[in-house]
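Coordinate inspection notes
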Amino acid sequence: MWISHVFLGFVGLVFGLSVATGSFALAVKLGIVPEMAEKSKTARHIMAYENAIILGGIFGNAVSVFLSLRLPFGRVFLGLYGLCAGIFVGCMAVALAEIINAFPILYRRMKLKVGLPWVVGAVAFGKMSGCLYYFIHDMAK
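Please read all numbers here as calculations on a predicted model, not as lab measurements.

Each helix and strand counted, the chain has six helices and zero strands in total. The secondary structure elements of the chain, listed N-terminal to C-terminal, are α-α-α-α-α-α. Over its C-alpha atoms the chain spans a radius of gyration of 19 Å, topping by over 25% the 14 Å that the globule rule assigns to 141 residues. Viewed in the frame of its principal axes, the chain has a C-alpha envelope of about 65 × 40 × 30 Å. Counting over 141 residues, the chain shows a buried share of 10%. Accessible surface, the chain: about 11,900 Å² in total, of which carbon and sulfur atoms supply 75%. Charge-centre separation for the chain: the mean point of 12 positive side chains lies 8 Å from the mean point of 5 negative side chains.

For the rest of this paragraph, the subject is the nonpolar core. With six residues, the main nonpolar core is built from Ala-27, Leu-30, Ile-32, Cys-91, Met-92 and Ala-95. For this core, the secondary-structure elements that each account for two or more residues are α1 (2-30) and α4 (74-99). Not counting residues within four places of it along the chain, the set of residues in contact with Cys-91 comprises Ile-32 and Met-36.

A cluster of nonpolar side chains, contributed by Phe-125, Met-128, Leu-132 and Ile-136, occupies part of the molecular surface with about 440 Å² of accessible area. By the element assignment, Phe-125 lies in helix α6 (residues 116-136). For Phe-125, a relative accessible area of 54% corresponds to the exposed category.

What follows is about the confidence of the model for the chain. Residue-level pLDDT values for the chain average 78, and 94% of them are 70 or greater. Within the chain, the element-level pLDDT minimum falls on helix α5 (residues 102-110), averaging 75, and the maximum on α6, averaging 81.

Turning our eyes to something else, we now look at the environment of Lys-39. Tracing the sequence through the fold places Lys-39 in helix α2 (residues 32-39). Overall, the relative accessible area of 61% leaves Lys-39 in the exposed class. The spacing of Lys-39 and Leu-8 is 31 residues in sequence and 43 Å in space, taken between C-alpha atoms.

One full turn of an α-helix is made of 3.6 residues, so residues set three or four places apart face in the same direction. Every buried residue belonging to α2 is among Ile-32, Val-33 and Ala-37, and all of these are buried. For α2, the angular spread of buried residues about the axis comes to 125 degrees, placing them on one side. Those residues of α2 that are exposed and angled more than 90 degrees off the buried face are Glu-38 and Lys-39. Taken from the residues just after α2, Lys-41 is the one with a positive phi, measuring 55 degrees.

Mapping Leu-26 onto the fold places it in helix α1. Sequence separation between Leu-26 and Ile-54 is 28 residues, and the spatial gap between their C-alpha atoms is 14 Å.

As a further point, take the packing of α2 against helix α3 (residues 46-65). What describes two packed helices is the angle between their axes and the distance between those same axes. Between α2 and α3, the least distance of the axes is 10 Å, while the angle of their chain directions is 135 degrees. Here α2 is positioned oblique relative to α3, judged by the angle of their axes. Considering only the axes of α2 and α3, their crossing is right-handed. For the pair formed by α2 and α3, the contact residues are Val-33, Pro-34 and Ala-37 on the first element and Ile-46, Tyr-49, Glu-50 and Ile-53 on the second. Class assignment of the residues belonging to the contact of α2 with α3 gives a composition of six nonpolar, no polar and one charged.

Rules behind the numbers
Residues numbered from 1 in each chain as written. Predicted model: local features only at pLDDT ≥ 70, side-chain atom pairs only at ≥ 80, totals over all residues. Heavy atoms only, no water. Helix = DSSP H or I, 4+ residues; strand = E, 2+ residues; numbered from the N terminus. Rg over C-alpha atoms; globule rule 2.2 N^0.38 Å. Buried < 20%, exposed > 50% of the residue type's maximum accessible area, 1.4 Å probe, protein only. Areas by Shrake-Rupley, 256 points an atom, 1.4 Å probe, with all protein chains shown as cover. Lys, Arg positive; Asp, Glu negative; His and termini not counted. Charge placed at Lys NZ, Arg CZ, Asp CG, Glu CD. Core = buried A, V, L, I, M, F, W, Y, C linked by side-chain atoms within 4.5 Å. Contact = heavy atoms within 4.5 Å. Patch = residues over 30% accessible without salt bridge, like charges linked within 9 Å, V, L, I, M, F, W, Y side chains within 5 Å. Salt bridge = Lys/Arg side-chain N within 4 Å of Asp/Glu carboxyl O. pLDDT = per-residue confidence, 0-100. Arc of directions from axis to C-beta. Axes fitted to C-alpha atoms, helices over the stretch in contact; angles between N-to-C directions. Parallel < 35°, antiparallel > 145°, perpendicular 65-115°, else oblique. Left-handed = near helix turned anticlockwise from the far one by under 90°. Nonpolar A, V, L, I, M, F, W, Y, C, P; charged D, E, K, R; others polar.

As structure tokens, then:
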């Protein structure tokens, strides 16, 4: 019986590493970290950004695997975690859209010449509103 647990643990570890490698490879290919460091003029702290991403990935995986683990940080930590996770997902989505030139194609098809920041802001606000509605009304069940 214990051999099946060891085997399943090994398979889970290998598959988890492969998925994590793919996720981080996508983030590297999109150039999120250097772009964010350049925009915020904090390129000298690039190692701190990379270490934070690695530690965040490890911590997030540990929390998702050990669901019965209770952290004593309360709702403030949960809100902070949600904010950081949302910023990360938003940066990934915008970087991916930028790589595939989705916004210039959309603007050209809409014949939109002015108000580009308003369109991007409206998309972001709509995404945020949908996520809040989803979580407030507990749609995950």
